[in-house]
Amino acid sequence: MTDIAAFDETQQRGLTKRKLWMSVLLHGLLIGGSFIMLYPLLWMLSASFRPEEEIFSSTSLIPSSISFDAYPRGWFGLQESFGTFFWNSFVISILCVIGNLMACSLAAYAFARLNFWGRNFWFAIMLGTLMLPYHVTLVPQYVLFLNLGWVGTFLPLVVPKYLAVDAFFIFLMVQFFRGIPRELTEAAMMDGCSAWRIYWKVMLPLSLPVLATAAIFTFIWTWDDFFGPLIYLTDMRDYTVQLGLRSFVDSTGLSDWSGLFAMSILSLVPVFFFFLFFQRLLIEGIATTGLKR
Amino acid sequence: MVSRVSRRTILAGGAAALSATAIGAPRLAFGQETRLRLMWWGSQPRAERTFEVTKLYMEQNPGVQIDGETVGWDDYWPRLATQVAGRNAPDIIQMDYRYIFEYARRDALAPLDEFVPDVLNLSGFDQAALDGGSVDGALYGISLGANSSAMMINKAAFDEVGIDIPDNSLTFDELQRIGMEITNAGKRRNFYGIADGSGLEPFFENYVRQRGKALYTEDGQLAFDAEDVREWFELWAAMREAKACVPPDVQALDKNQIETGMVSLGHAAVSYGHSNQLVGYQALNKDPIVMHAYPRIAAGVGGGHYRKPSMFFSISSQSQNPEAAAAYISFFVNDPKAAEILDVERGVPESSAVRESLAPKLDDTGRAAVEYIGGLGDLAGPLPPPPPLGAGEIDRMLLRVSQEVAFGQHTPQSGAEAFIAEAESILARG
Amino acid sequence: MTTIATSGPISAQSRGWLARAWTRNGAGYMFLLPWFIGFFGLTAGPALVSLYLSFTSFDLLTAPRWIGLDNYIRIATADPKFMASMRVTFFFVLVSVPLKLIFALAVAMALNRGIRGLPWYRAIFYLPSLLGASVAISVLWRQLFAGDGLVNSFLANFGIEGPSWISNPNYSIYTLIVLAVWQFGSPMIIFLAGLRQIPQDMYEAAELDGASKWRQFWKITLPLLTPVVFFNAVVQTIEAFKAFTPAFIISGGTGGPINSTLFYTLYLYQEAFGFFRMGYASALAWVLLVIIALFTAFSFLTARYWVHYDD
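Residues numbered from 1 in each chain as written. Chains lettered and ligands numbered in written order. Predicted model: local features only at pLDDT ≥ 70, side-chain atom pairs only at ≥ 80, totals over all residues.

- Chain B is annotated in an unreviewed UniProt entry as Extracellular solute-binding protein from Chelativorans petroleitrophicus.
- Per its UniProt entry, chain B bears the Subcellular location (unreviewed entry) comment "Periplasm".
- For chain B, the Sequence similarities (unreviewed entry) comment in UniProt is given as "Belongs to the bacterial solute-binding protein 1 family." (UniProt positions renumbered as here; feature names shortened; annotations may be inferred.)

Encoded structure:
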């Protein structure tokens, strides 16, 4: 961390007028961009405060009148409170993060750095699992989990992550592992380190950025997933936030739209902070640990 | 069906302690009891009512445990199909008028005739209500409420232009004139008289029924021809031409949901839905919404409408306990206390006794729904023959071809021919 | 690529064939063990079942019936919707993927280092991806891209009268492309992680040599980033071919107006769950798999000419 701070300081001292203008321009662009990025959030916020009958017909961001009712109504309005849904989503997401980090990094290390018979073949098969649309494997998979007695529990959502079924993350980690200088692992090998020790003591510590990336994505994607929970969770006490949100709305009948938007806003809070926290790890990667080639 | 006990055992054995506690306190129920799973689509108000009735039933029938599952319409069908395909279907399934034929003909539902009248009391149902839930001569669905297609009218938009809500003699010509007046008055921004109904299957069905035909014959063939379709498309082409209805790129915003209806979006004073959706439409509109029947093709011609079950309860053919399920359904449609809880949220109750007991307690929208169905008079005709397999796809296809005509990729003539050809190939495929 | 012994410099000459094979391959397979269990236990079975179903007529509710190649023959010869959805999907992939990647890389470069409030900017620029494809997005997109939407109000300032982008069959696909590009968060984060792995001292050395920022980008950043660029390109292409939810929520599941947003997987979903043709849908899925696999194989073949690994 200190390296980069020092680097920035020297840079800043050398700022010419032109560079100052560049900086202003950059900030201007970023703030303008931020508004485009934030707009939907602002809109949802305003939708959660405004009268129901305005949500679909008004294009203005400013509600004609403001009411906070949708928040308590949304939180307590279903059979179970949103507290339950948040807890369920949180547990599932955290378990998935742990599973994905462990299982995918093991597989990725094998593909990236170990030689074994059939490596390219298995790598191709692994990528192939990314390519089949899930709609057609849904029913056989459901039957499989039903026979295991897992339907109605969190297991179908969590256990696969411990078995590295997310080829996306294996492939991602392979690409990053291959970027770690080979001299490092070879030096460790010369010292008689086992493959396991190299993985654990060399690869993982040097791969913080990609591990943080995988953690962020797993958490967010699990949090946002609704199709898996829709199919496998039956009891409302087991529902996730996304299933709870979808319970507000029925396109053929009466829906609680402002309740939906109020809870949607709240559902973003945990993922947003998870992101803020883990993106720090992105920064503390190889480039700033003082590693020299 | 996986029992709770085995779920717990497997959990305790296999899962991390964290997930076990997260799943919650033990929900074991002791003693011998009948467990039924009940699944329906809908939103929160329906869930509250249904859970309350279920609770009432369980209090009165100790030994029966009913687990309710509810999701929205869009999520309901893939979830149900997956459960049925996995042979884990709920015992009691809420069914829709279109899907009941698909499910019953594929033996996913149990015929209910054997339970009537001892377990399942349908004495208050008239024949039409029973027929609505019958497929190929057997009873597969118990109607939870009567329903009919309807126009949803923004009354304030009519008042602004000084037009009274028309009576039941309204014809297509008059509707077009009203539409033009509202559009031309220009009281609101980007606002037109009526929504474009050319892609809407219930509207088209109403139209062909008034011409003495139907969508399908008894043996599942098309019961109308290219001529009917062409005139239908021409009728709407004239509406668009006269600016009585919204232009095609505005109509295409409508995805056949309440929230994207032209009235809800504030683009037209009239759009189309079903009578049990009045509450939903009203909730999304500041202005008062009233219902009106579809127009007549000419003065004195009627019979386009029919009283159709808004939804059913059916019993899965995989149910271990169809009799207990039938007893619950009987309670659901007959018990006066249950009726009071359920109100007309699923449509006007079919049992005459329930209707009478409910009548004095209805609120305004509830009364409007009852009066609408009751007041159709000669506009309503008999129940049409059941839709064959593939009808759902033809419904979607009508929407697409109507858009092709509206956007000018087809003339009404070529559109009609394309529609008939494609519909026949869909029916042949089944 | 140099061969490396996997478990240290132990002589294996004295042991048997099996032991030698184990020494050479054992570690690799041990590390892959969870993946193997997952693949054979959870993934392969359902995938093979769907392959079997693609040769059947299966309506989900009754038992599948073997019909041989009929499904595939129909796809190849008699299915206009297959062709329509292919056109839509290819157009979407070819336009949205490059745009999204360029956008993601540009923003990642801007958000890499050296400005105040970086964590917040990053979080804000990731926000659209957090929203995923929710109901809120479908409402919002209509309010932005309808005839009287915000985009057209903006264009009106320049005297341009825009069409109703979202509901006009000629333009509706572009609103989905905008949505895809706007949700550039995940490739951006991966680029950021990749940028972080580039050793800082390389830039310091280049700075001393007087190389411009532009030159540094082309000579240091981009070459060292190629494994990540490659990853993003391959994965985003696969994801774009499989894109489902955006079209589902924006078109209300219809793929309309007039099939203009009928993504391939949306068509597949309609067939499977709307019209009870899971057998046909499975055949469609395997056709898609072959198409994606060809694209991916092609990317891997070209990769050796432009992707630089450190090994």
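What follows continues from the structure just given.
**A short note on the overall build of chain A**
- Across its full length, chain A carries 14 helices and 0 strands.
- In terms of C-alpha radius of gyration, chain A reaches 24 Å, well past the compact-globule figure of 19 Å for 293 residues.
- Considered along the principal axes of its C-alpha atoms, chain A spans approximately 70 × 70 × 30 Å.
- Partitioning the intrachain contacts of chain A with sequence separation of at least 6 by distance along the chain shows that 73% fall at a separation of at least 24. (Helix = DSSP H or I, 4+ residues; strand = E, 2+ residues; numbered from the N terminus. Rg over C-alpha atoms; globule rule 2.2 N^0.38 Å. Contact = placed C-beta atoms within 7 Å.)

**Description of the overall build of chain B**
- Within chain B, the secondary structure is distributed over 18 helices and 13 strands.
- Rg of the C-alpha trace for chain B: 23 Å, near the compact-globule value of 22 Å for 430 residues, within the 12% margin.
- Along the first, second and third principal axes, the C-alpha set of chain B runs to 70 × 50 × 50 Å.
- Out of the 430 residues in chain B, the part that is buried amounts to 52%.
- Intrachain contacts of chain B at a sequence separation of at least 6 include 75% that bridge at least 24 residues. (Buried ≥ 20, exposed ≤ 12 C-beta atoms within 10 Å, placed from the backbone.)

**Regarding the interface of chain A and chain C**
- At the interface, 85 residues of chain A touch 82 residues of chain C.
- No other element matches the 12 residues that helix H14 (residues 257–283) of chain A contributes to the side of chain A that touches chain C.
- Across the side of chain A that touches chain C, the residue classes break down as 59 nonpolar, 18 polar and 8 charged. (Nonpolar A, V, L, I, M, F, W, Y, C, P; charged D, E, K, R; others polar.)

**Observations regarding the sheet that holds strand S10 (residues 268–274) of chain B**
Residue and element names in this part refer to chain B.
- Pairing in this open sheet of 4 strands is mixed, and the strands run S9-S10-S8-S11 from one edge to the other. At either end of the open sheet lies a strand with only one pairing partner, and these are strand S9 (192–194) and strand S11 (289–292). The average angle at which neighbouring strand axes cross in this sheet is 30 degrees, direction not considered.
- In terms of strand pairing, strand S8 (residues 149–154) meets S11 through 4 bridges, oriented antiparallel. Counterpart to Met-152 in the pairing with S11 is Met-291. (Pairing = 2+ DSSP bridges. Axes fitted to C-alpha atoms, helices over the stretch in contact; angles between N-to-C directions.)

**Describing the domain arrangement of chain B**
All names here are of chain B.
- Domains assigned within chain B are domain 1 (31–146 + 309–379) and domain 2 (149–305 + 389–429).
- Each of domain 1 and domain 2 has a C-alpha centre, and the two are 30 Å apart.
- In this assembly, 16 residues from domain 1 lie in contact with 16 residues from domain 2.
- Put simply, the parts of the chain that give the side of domain 1 that touches domain 2 at least two residues each are helix H5 (99–105) and helix H16 (364–374).
- Among the elements that make up the side of domain 1 that touches domain 2, the one with the highest residue count is H16 (5 residues). (Domains from an automatic or database assignment.)

**Focus: the sheet that holds strand S2 (residues 64–71) of chain B**
Residue and element names in this part refer to chain B.
- The strand order across the open sheet built from 5 strands is S2-S1-S3-S13-S6, with neighbouring strands paired in mixed fashion. Sheet topology places S2 and strand S6 (142–143) at the edges, where each strand pairs with a single neighbour.
- Across 2 bridges, S6 lies against strand S13 (residues 312–315) in antiparallel orientation. Opposite Ser-143, over in S13, you have Phe-312 as the bridge partner.
- Contacts from helix H3 (residues 44–60) reach strand S1 (34–41) and S2, with the element oriented near 175 degrees to S2.

**Regarding the pairing of S10(B)**
Residues and elements named next belong to chain B.
- With 7 of 7 residues buried, S10 is to be regarded as a mostly interior element.
- In terms of strand pairing, S8 meets S10 through 5 bridges, oriented antiparallel. The residue bridging Ile-153 from the neighbouring strand is Val-270, located in S10.
- Bridge count between S9 and S10: 2 bridges; the pairing is parallel. By the bridge assignment, Tyr-192 is partnered in S10 with Ala-268.

**What to know about the environment of B:Val229**
All names here are of chain B.
- You can see Val-229 is positioned in helix H10 (residues 226–241).
- Residue Val-229 is classed as buried on the basis of its 28 C-beta neighbours within 10 Å.
- Expressed as a C-alpha distance, the spacing of Val-229 and Glu-241, which sit 12 residues apart in the sequence, is 18 Å.
- Non-local contacts of Val-229, meaning those with residues more than four positions away in its chain, are made with Phe-224, Ala-416, Phe-419 and Ile-420.

**Quick word on the nonpolar core**
- A:Ala107, A:Ile170 and A:Met173 are the most contacted members of the largest nonpolar core, which has 308 residues in total.
- Counting residues per element, this core draws most heavily on helix H4 (residues 82–113) of chain A, at 16 residues. (Core = buried A, V, L, I, M, F, W, Y, C linked by C-beta atoms within 7 Å.)

**Thoughts on unusual backbone geometry**
Residues and elements named next belong to chain B.
- The step from Val-116 to Pro-117 runs through a cis peptide bond, and the omega angle for that step is 0 degrees.
- If you trace the backbone, Pro-117 turns up in the loop between H5 and helix H6 (127–132).
- Positive phi, normally seen in glycine, also occurs at Lys-243, with a value near 55 degrees.
- With respect to the helices and strands, Lys-243 occurs in the loop between H10 and helix H11 (248–251).
- For Lys-243, a count of 15 C-beta atoms within 10 Å corresponds to the partly exposed category.

**Considering the confidence of the model for chain A**
- Averaged over every residue, the pLDDT of chain A is 84; the share at 70 or more is 91%.
- Predicted confidence in chain A is weakest over helix H1 (residues 2–13) of chain A, with a mean pLDDT of 49, and strongest over helix H7 (residues 155–162) of chain A, with 95. (pLDDT = per-residue confidence, 0-100.)

**Quick notes on helix H8 (residues 172–182) of chain C**
Residues and elements named next belong to chain C.
- Buried within H8 are the following residues: Ser-172, Ile-173, Thr-175, Leu-176, Leu-179 and Ala-180. One side of H8 holds all its buried residues, which, seen down the axis, span an arc of 160 degrees.
- Turning to H8, the residues buried within the fold contact helix H4 (80–110), helix H6 (135–145) and helix H12 (245–250). (Arc of directions from axis to C-beta.)

**Points about the packing of H4(C) against helix H11 (residues 213–242) of chain C**
All names here are of chain C.
- H11 packs onto H4 with a crossing angle of 145 degrees between their chain directions and a minimal axis gap of 9 Å. Crossing geometry of H4 relative to H11 is assigned as right-handed. Seen from H4, the contacting residues are Thr-89, Phe-92, Val-93, Ser-96, Val-97, Lys-100 and Leu-101; seen from H11, they are Asn-232, Ala-233, Gln-236, Thr-237, Ala-240 and Phe-241.
- Looking at the contact of H4 with H11 residue by residue, the classes come out as 7 nonpolar, 5 polar and 1 charged. (Left-handed = near helix turned anticlockwise from the far one by under 90°.)

**Considerations on the environment of B:Lys187**
Residue and element names in this part refer to chain B.
- Tracing the backbone through its elements, the reader meets Lys-187 in the loop between helix H8 (172–185) and S9.
- The spacing of Lys-187 and Gln-409 is 222 residues in sequence and 32 Å in space, taken between C-alpha atoms.
- The contacts of Lys-187, once residues within four sequence positions are left out, are Glu-160 and Val-161.

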